[in-house]
Amino acid sequence: MEKILVIGCAGQIGSELTLELRKIYGDSNVVATDIKPADKEITEGGPFEILDVLDTHRLFGTVSRNKITQIYHLAAILSGNAEKKPIASWHINMESLLNVMELSRELNLSKVFWPSSIAVFGPTTPRENTPQFTVMEPNTVYGISKLAGERWLEYYFHRYGIDGRSIRYPGLISHKTEAGGGTTDYAVEIFYDAIREKKYECFLSEDTYLPMQFMDDAIKATINLMEAPADKIQVRSSYNVAGISFSPKEMAEEIKKQIPDFNISYNPDFRQAIADSWPKSIDDTVAQQEWGLTNSFDLKKMVEVMLREVGKKFS
Ligand code: NAD
Ligand code: AKB
């Protein structure tokens, strides 16, 4: 019987992944934690604790007391916010991972999931159809922490046999919880402003192509990866996952098909330089071949669902 700990359950991914894990493993077998309160659906639907992942002592206590066998560690400071506080963000992103890996080693946990990001790539990486294995010289504190994290994951696997698994998520698009301070956040914010005000000022330029993925596909990929037999997982750093690539202009055109008087304007800020250092599109054939990654949402389908679901929040 697996008992799962989710760290960062109140965030964009955690608020959906926790509920999905509870459907699979049973409500009482998924302990949700965050440094801040979470939605009622999570706090009342199963065990929930306020937990700072940097508090090693409490983390250890929570894992031992609940007889945890697997950890999904989602707490991090994302790219945009990390540039505002580089050293503090490095500390949170790295110390938290090392706490989780050390604990997994000491308590002999069966599996750990820790997300990486397309931010591991940098300006010297080929930007079109970026391969699984390529030049990686990130120039953001977030990207540097994700690349270091990938190296630690692989190190713990080879040195201690810890079965850590990871995806380099592209920008994730979802309607349940707003995005958490990243460079791809425009692709979530745009729906709220389109519905409320019929206009949006984008912090990236109109032709900035980035890889993105709808949350349902990201959750499905995460669970598929975690449930795959260990011998299928050849990449012990993190897997490329492509999703779909589009620009703010293309997304706005798709929104206009449903809200004809929607207007987008562009006022790029510091996040433009981050986006310009990231891939425009990703090659994820290794993940497809090794554990059967699939993607089912294209831009049209994603925009339809986002407008419908975000619309319900304001009706
Ligand atoms: P988020 O910011 O929405 O959520 C992170 C959660 O972690 C928040 O609820 C926050 O309260 C919690 N947290 C922060 N510090 C904590 C601490 N010290 N102790 C416990 N909890 C703490 O982020 P997200 O978008 O859900 O991302 C989750 C993970 O996925 C991160 O590692 C992120 O880098 C990665 N990722 C996300 C995306 C994306 O587009 N959302 C893309 C690539 C990678
Ligand atoms: C961000 O923009 O920081 C995240 C990511 C792609 O890692 N969404």
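Residues numbered from 1 in each chain as written. Chains lettered and ligands numbered in written order. Predicted model: local features only at pLDDT ≥ 70, side-chain atom pairs only at ≥ 80, totals over all residues. Heavy atoms only, no water.

Visitor: Any details on the nonpolar core? Residues and values, ideally.
Guide: Taken as a class, soluble globular proteins show a tendency for nonpolar side chains to be buried jointly. By size, the foremost hydrophobic cluster in this structure holds 43 residues, and its most contacted members are Ile173, Tyr186, Phe191, Phe246, Met251 and Ile255. Contributing elements (two or more residues each) for this core: helix 6 (141–160), helix 7 (186–197), strand 10 (199–202), strand 11 (210–214), strand 13 (244–246), helix 9 (248–256), helix 10 (271–276) and helix 12 (299–313). When residues are assigned to domains, this core turns out to be shared by domain 1 (4–171) and domain 2 (172–212 + 242–312), each giving three or more. (Core = buried A, V, L, I, M, F, W, Y, C linked by side-chain atoms within 4.5 Å. Buried < 20%, exposed > 50% of the residue type's maximum accessible area, 1.4 Å probe, protein only. Helix = DSSP H or I, 4+ residues; strand = E, 2+ residues; numbered from the N terminus. Domains from an automatic or database assignment.)

Visitor: So what about helix 9? Which residues, and what values?
Guide: Along helix 9, the residues classified as buried are Pro248, Met251, Ala252, Glu254 and Ile255. Each buried residue of helix 9 sits inside an arc of 160° when the element is viewed along its axis, so together they form one side. Looking at the buried side of helix 9, the elements it contacts are strand 9 (171–173), helix 7, strand 10, strand 13, strand 14 (263–266) and helix 12. (Arc of directions from axis to C-beta. Contact = heavy atoms within 4.5 Å.)

Visitor: Please give an account of a negative patch on the surface that cites residues and values.
Guide: Negative charge collects at one region of the surface, where Glu206, Asp207, Glu253 and Asp276 lie side by side. Mapped onto the elements of the fold, aspartate 276 is located in helix 10. Judged by relative accessible area, which is 38%, aspartate 276 ranks as partly exposed. (Patch = residues over 30% accessible without salt bridge, like charges linked within 9 Å, V, L, I, M, F, W, Y side chains within 5 Å. Areas by Shrake-Rupley, 256 points an atom, 1.4 Å probe, with all protein chains shown as cover. Salt bridge = Lys/Arg side-chain N within 4 Å of Asp/Glu carboxyl O. Lys, Arg positive; Asp, Glu negative; His and termini not counted. Charge placed at Lys NZ, Arg CZ, Asp CG, Glu CD.)

Visitor: Any details on the site of ligand 1? Residues and values, ideally.
Guide: Around ligand 1 lies a shell of 25 residues, among which Gln12, Asp34, Asp52, Tyr142 and Lys146 are the nearest. Measuring from an oxygen atom of ligand 1, one finds a backbone N or O atom of glycine 11 at 3.1 Å. For ligand 1, an oxygen atom lies 2.6 Å from a polar atom in the side chain of aspartate 34. Protein contact buries 92% of the 830 Å² of open area that ligand 1 shows by itself. Grouping the amino acids of the shell around ligand 1 by side-chain chemistry returns 14 nonpolar, seven polar and four charged. (Near = heavy atom within 4 Å. Polar contact = N/O pair within 3.5 Å; in protein donor to acceptor, adjacent residues only side chain to side chain. Nonpolar A, V, L, I, M, F, W, Y, C, P; charged D, E, K, R; others polar.)

Visitor: How would you explain the pattern of salt bridges if you had to name every residue and give the values?
Guide: Any two side chains of opposite charge can pair, given that their charged atoms come close. Using the criterion set out here, one finds 17 salt bridges in the structure. Among the ionic pairs, arginine 58 bridges to glutamate 49, the shortest N-O distance being 3.9 Å. Across the pair glutamate 154 and arginine 151 runs a salt bridge, and its minimum N-O distance is 3.1 Å. Separated by three residues within a single helix, glutamate 154 and arginine 151 lie in helix 6, roughly one turn from each other. Taking the relative accessible area as the measure of exposure, arginine 151 reaches 42% and is therefore partly exposed. One salt-bridge network, held together by shared partners, links Asp39, Glu41 and Lys176.

Visitor: Tell me about the domain arrangement of the protein chain, and please be specific about residues and values.
Guide: Many authors give the size of an interface as the accessible area that is lost as the parts come together. Each assigned domain of the protein chain is listed with its residue range as follows: domain 1 (4–171) and domain 2 (172–212 + 242–312). Domain 1 and domain 2 are separated by 23 Å when their C-alpha centres are compared. Taken together, the contact pairs 32 residues of domain 1 with 30 residues of domain 2. Here domain 1 meets domain 2 over a buried area of about 2,600 Å², counting both sides, of which 57% is carbon and sulfur. Of all residues in domain 1, the largest losses of buried area upon contact with domain 2 belong to Gln12, Arg127 and Gly171, amounting jointly to 29% of the total for that side. Counting across the interface, domain 1 meets domain 2 through two salt bridges. A salt bridge links lysine 176 to glutamate 41; its shortest N-O distance comes to 2.6 Å. Applying the counting criterion to the domain 1 and domain 2 interface returns 17 residue pairs in polar contact (both at pLDDT 80 or more). Of all the elements, helix 4 (residues 79–84) adds the most residues to the side of domain 1 that touches domain 2, at five residues. Here the residues of the side of domain 1 that touches domain 2 sort into twelve nonpolar, 13 polar and seven charged. (Buried area = accessible area lost by both parts, 1.4 Å probe.)

Visitor: Help me get a handle on the pairing of strand 2 (residues 30–34), residues and values and all.
Guide: Most of strand 2 is tucked away, with five of its five residues classed as buried. What you see with strand 2 is no split at all: Val30, Ala32 and Asp34 on one side and Val31 and Thr33 on the other are buried throughout. Sheet topology note: the strand 1 (residues 4–7)/strand 2 ladder contains four bridges and is parallel. Across the sheet, the residue bridging to valine 6 is alanine 32, located in strand 2. Crossover handedness for the path strand 1 to helix 1 (residues 14–25) to strand 2: right-handed. Sheet topology note: the strand 2/strand 3 (residues 48–50) ladder contains three bridges and is parallel. Each bridged residue has a counterpart across the sheet, and for threonine 33 the counterpart in strand 3 is glutamate 49. (Pairing = 2+ DSSP bridges. Right-handed = clockwise from strand over helix to strand, strands pointing away.)

Visitor: Now, about the environment of valine 112: what can you tell me, with residues and values included?
Guide: In this structure, valine 112 sits in strand 5 (residues 111–113). Its relative accessible area of 1% is what places valine 112 among the buried residues. For the pair valine 112 and isoleucine 4, spaced 108 residues apart in sequence, the C-alpha separation works out to 9.6 Å.

Visitor: Describe the sheet that holds strand 1, naming the residues involved and giving the relevant values.
Guide: Across the sheet, six strands lie side by side as 3-2-1-4-5-7; this open sheet has parallel pairing. Because the sheet does not close on itself, it has two edges, and the strands there are strand 3 and strand 7 (164–165). Two elements, strand 1 and strand 4 (residues 70–73), share four bridges in a ladder whose sense is parallel. Paired with isoleucine 7 across the two strands is histidine 73, which belongs to strand 4.

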